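# Survey of secondary and tertiary structure
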Amino acid sequence: MSLAQDYRKAMSQAGTSQFQEVIRQELEYLMKVELEKILATAPQNELEHTKKDLEGFKKLFHRFLQEKGPSVNWEKIQRPPEDSIQPYEKIRARGLPVNITSVLNKLVVVKLNGGLGTSMGCKGPKSLIGVRNENTFLDLTVQQIEHLNKTYNTDVPLVLMNSFNTDEDTKKILQKYSHSRVKIYTFNQSRYPRINKESLLPIAKDVSYSGENTEAWYPPGHGDIYSSFYNSGLLDTLIGEGKEYIFVSNIDNLGATVDLYILNHLMNPPNGKRCEFVMEVTNKTRADVKGGTLTQYDNKLRLVEIAQVPKAHVDEFKSVSKFKIFNTNNLWISLPAIKRLQEQNAIDMEIIVNPKTLDGGLNVIQLETAVGAAVKSFENSLGINVPRSRFLPVKTTSDLLLVMSNLYSLNAGSLTMSEKREFPTVPLVKLGSSFTKVQDYLSRFESIPDMLELDHLTVSGDVTFGKNVALKGTVIIIANHGDRIDIPPGAVLENKIVSGNLRILDH
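In every chain, residue numbers begin from 1 and rise along the written sequence. The predicted origin of the model limits local features to residues at a pLDDT of at least 70 and limits the giving and counting of side-chain atom pairs to 80 or more, whereas totals for whole chains, interfaces and linings rest on all residues. Side-chain metrics rest on all non-hydrogen atoms present in the structure, leaving aside hydrogens and water.

## Looking at the overall build of the protein chain
- Looking only at helices and strands, the protein chain features 14 helices and 26 strands.
- Relative to a compact globule of 507 residues, whose C-alpha radius of gyration would be 23 Å, the protein chain shows 24 Å and is just as compact.
- Only protein chains enter the area calculation, which uses a 1.4 Å probe; residues under 20% of their type maximum are buried, those over 50% are exposed, and those in between are partly exposed. Expressed as a percentage of its 507 residues, the buried residues of the protein chain come to 52%.
- Partitioning the intrachain contacts of the protein chain with sequence separation of at least 6 by distance along the chain shows that 70% fall at a separation of at least 24. Think of it this way: any DSSP run of H or I at least four residues long counts as a helix, any run of E at least two long counts as a strand, and we number them from the N terminus. C-alpha atoms define the radius of gyration in this analysis, and the globule rule sets the expected value at 2.2 Å times the number of residues to the power 0.38. It only takes one pair of heavy atoms within 4.5 Å for two residues to be counted as in contact.

This is the structure we're talking about:
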């Protein structure tokens, strides 16, 4: 039996036996030896940051071995107190101060830019996928901040947290913004070694991450922002420039624009006591049942993710009536607080164990953390229940269809729901596997259909859309295997089921 198997067996037994402790120490020792071998292969110019990365990883691995699985104690979970999650309307009703420029000058916008576009069939950073009128996620972000800086005569910088996967391509593209009125900084999140699931040891043999070593490394989730931002020196630079808050969001969330009312609430709190951490939450719909939710736990606000919920309570966690809100990952965090907590080593985030199977069939695990999980480490944390429009993520081509359509209009990099849409919610869109890759998706639409009156669209199989098609109500289009359906130009489909060989039936 291997040491890792001994460890699993020991951990499954109750109590903390001496046996568990001996095995844990042995595993930590073996990991230390392996990491030292890897570090010895680092070239001189990479030595310092490789050392920091591996130190961070070692701490995470130590905690992984200490902790008894991810579950929270379900009995301790309580609904958050009324005043700990404020309605956005209340924050907005306070209005804006006369000196909004000086308030904005304390802000830094941080976008999480570590992800690749692989799930949408694209190579390179996801932020470089074209979203609207040839504009990429990054273009829209820069346009938004430039508009803000021009309108209020401010100097809000943009910071991109890249990963080793996205850094090079992103830096090349940044040259095109050299004349824009936005200072752009980047820093890299850490690079951690993937662990063989059986042996619990790194699969990397050296520090390189090209060739056969490409799959040996991973960026450890956006919870890494605190240490890598601090280690990069950029945190201190920005504090030195008088910046006080960062607004952090995923670069693929097109609803995450700077909100002046929330910023004002942070800088000029009504009770005089500043929040160090604000999480924007929004009401759950049936599509969001897996999203993390804010709860009260040990008298602190705490983010609970589905992976931490004991199996017996998963359905309860998904219930829209008990847990009404979920985390949008739009976060406002105090810079001095990050510095203080980082220096005290006091940022506590649960470990997410993410199992993966590599191309060759090897099972590995990667240890990750989530940025919002640190909410419990900050003082005076707050949730703000924001409108759904602030959560507009583009994870799939189905999402892309929504943001490319006439449901939204684009103004200075920001998307707003068209006034012609009669309902405040967006249609439910499910595009089949023929549409998964962006290239295939684009080739199937001669133009994006009119979707202003659409409630629900399901498309499956080999389907193409001609120019100026209008979709209304519930439309379901299913091409049988081997058949192809071409929706003719100018077609208006309202409450229709189109199947097989283009029979159009009323829904």
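Here the narrative resumes, following the displayed structure.
## Topic: the environment of S119
- The topology assignment puts S119 in the loop between β2 (107-113) and β3 (130-132).
- Taking the C-alpha atoms as reference points, S119 and N165, separated by 46 residues in sequence, lie 14 Å from one another.
- Sequence-distant contacts of S119, defined by excluding residues within four places in its chain, comprise K395 and T436.

## Notes on the sheet that holds strand β16 (residues 363-368)
- At least two DSSP bridges between two strands are needed for those strands to be called paired. The 3 strands lie next to each other as β8-β16-β15, forming an open sheet whose pairing is antiparallel. Whereas interior strands pair on both sides, the edge strands pair on one side only; in this sheet they are β8 (195-196) and β15 (352-357).
- Note: β8 against β16, 2 bridges, orientation antiparallel. Counted as the bridge partner of I195 is I365 from β16.

## Some details on the sheet that holds β2
- What the 8 strands build is an open sheet, ordered β1-β17-β11-β14-β10-β2-β5-β6; its pairing is mixed. At either margin of the open sheet sits one strand with a lone partner, and together these are β1 (85-87) and β6 (184-188). The mean angle between the axes of side-by-side strands here comes to 25°, regardless of whether they run parallel or antiparallel.
- Axis angles are defined between N-to-C directions and span 0 to 180 degrees, where every axis is a line fitted to C-alpha atoms and, for a helix, only to the segment in contact. Against the sheet, helix α6 (residues 137-152) contacts β2, β5 (158-162) and β6, and its axis sits at roughly 155° relative to β5.

## A few points about the pattern of salt bridges
- Any Lys or Arg side-chain nitrogen found within 4 Å of a carboxyl oxygen on Asp or Glu counts as a salt bridge. A complete count under the given rule lists 23 salt bridges for this structure.
- Close ionic contact of D236 with K339 constitutes a salt bridge, the shortest N to O distance being 2.9 Å. Of this pair, D236 sits in helix α9 (residues 234-240) while K339 sits in helix α12 (residues 335-343), placing them 103 residues apart in sequence.
- Look at D236 and you get partly exposed, because its relative accessible area is 35%.
- On the basis of relative accessibility, which here comes to 24%, the residue K339 falls in the partly exposed class.
- Residue E276 pairs with R340 through a salt bridge whose shortest N-O separation is 2.8 Å. Of the two residues, E276 sits in the loop between α10 (260-267) and β11 (277-283) while R340 sits in helix α12, which places them 64 residues apart along the sequence.
- With a relative accessible area of 13%, E276 lands in the buried category.
- One salt-bridge network, held together by shared partners, links R302, D348, E350 and K376.

## Section: unusual backbone geometry
- Phi at N345 is positive, roughly 55°, even though this residue is not glycine.
- Mapped onto the elements of the fold, N345 is located in the loop between α12 and β15.
- The phi angle at N495 is positive, at roughly 50°, despite the residue not being glycine.
- Within the secondary structure, N495 sits in strand β25 (residues 492-499).
- Here N495 falls in the partly exposed class, since its relative accessible area comes to 30%.

## Topic: α6
- Over its 16 residues, α6 runs 23 Å from end to end, which matches the ideal 22 Å to within 8%, given 1.5 Å per residue.
- Looking at α6, one finds that the buried residues are F137, L138, D139, L140, T141, V142, Q144, I145, E146, L148 and N149.
- Phi for N153, located one or two positions after α6, is positive at around 55°. Here the expected span of a helix is defined as 1.5 Å times the quantity of residues minus one.

## Observations regarding helix α13 (residues 397-404)
- Among the 8 residues that make up α13, 6 are buried, leaving the element largely enclosed by the rest of the structure.
- Among the structural elements, β3, β18 (408-411), β19 (414-417), β20 (428-431), α14 (438-443) and β21 (454-460) are those in contact with the buried residues of α13.

## Regarding the packing of aromatic side chains
- Only centres within 6.5 Å qualify two rings of Phe, Tyr or Trp (six-membered ring in Trp) as a pair; their planes then separate them into stacked at under 30 degrees, edge-to-face at over 60, and tilted for everything else. If you walk through the whole model with that rule in mind, you get 15 aromatic pairs.
- A centroid spacing of 6.3 Å and a plane angle of 85° characterise the contact between Y192 and Y218, whose relative ring orientation is edge-to-face. Placement of the pair is Y192 in strand β7 (residues 192-193) and Y218 in strand β9 (residues 217-218), with a sequence separation of 26 residues. Each member of the pair Y192 and Y218 is classed as buried.
- Aromatic pair F317 and F323: ring centres 5.9 Å apart, planes at 40°, arrangement tilted.
- Judged by its relative accessible area of 1%, F317 is buried.
- Since its relative accessible area comes to 5%, F323 is described here as buried.
- Feature note: the residues F57, F61, F64, Y192 and Y218 constitute an aromatic cluster, connected by ring pairs.
- Note on geometry: a ring has a charge over it if NZ (lysine) or CZ (arginine) is within 6 Å of the ring centre and within 35 degrees of the ring normal. The ring centre of F317 lies 5.1 Å from the NZ or CZ of K284, which sits over that ring.

## So, the side chain of R390
- In this structure, R390 sits in the loop between β17 (382-385) and α13.
- Residue contacts for R390: discarding those within four places in its chain leaves F247, N253, G255, A256, T257, D259, E280, N330 and W332.

## Things to note about the pairing of β20
- Only one face of β20 is buried, namely the one carrying V429 and L431, since none of L428 and K430 on the opposite face is buried.
- Relative to β21, β20 runs parallel, the two sharing 4 bridges. Paired with V429 across the two strands is L457, which belongs to β21.
- Once the chain exits β20 it traverses α14 before rejoining the sheet at β21, and the crossover so formed is left-handed. When the strands point away from the viewer and the path from the first strand over the helix to the second turns clockwise, the crossover is right-handed.

In short, geometric facts, not functional conclusions.
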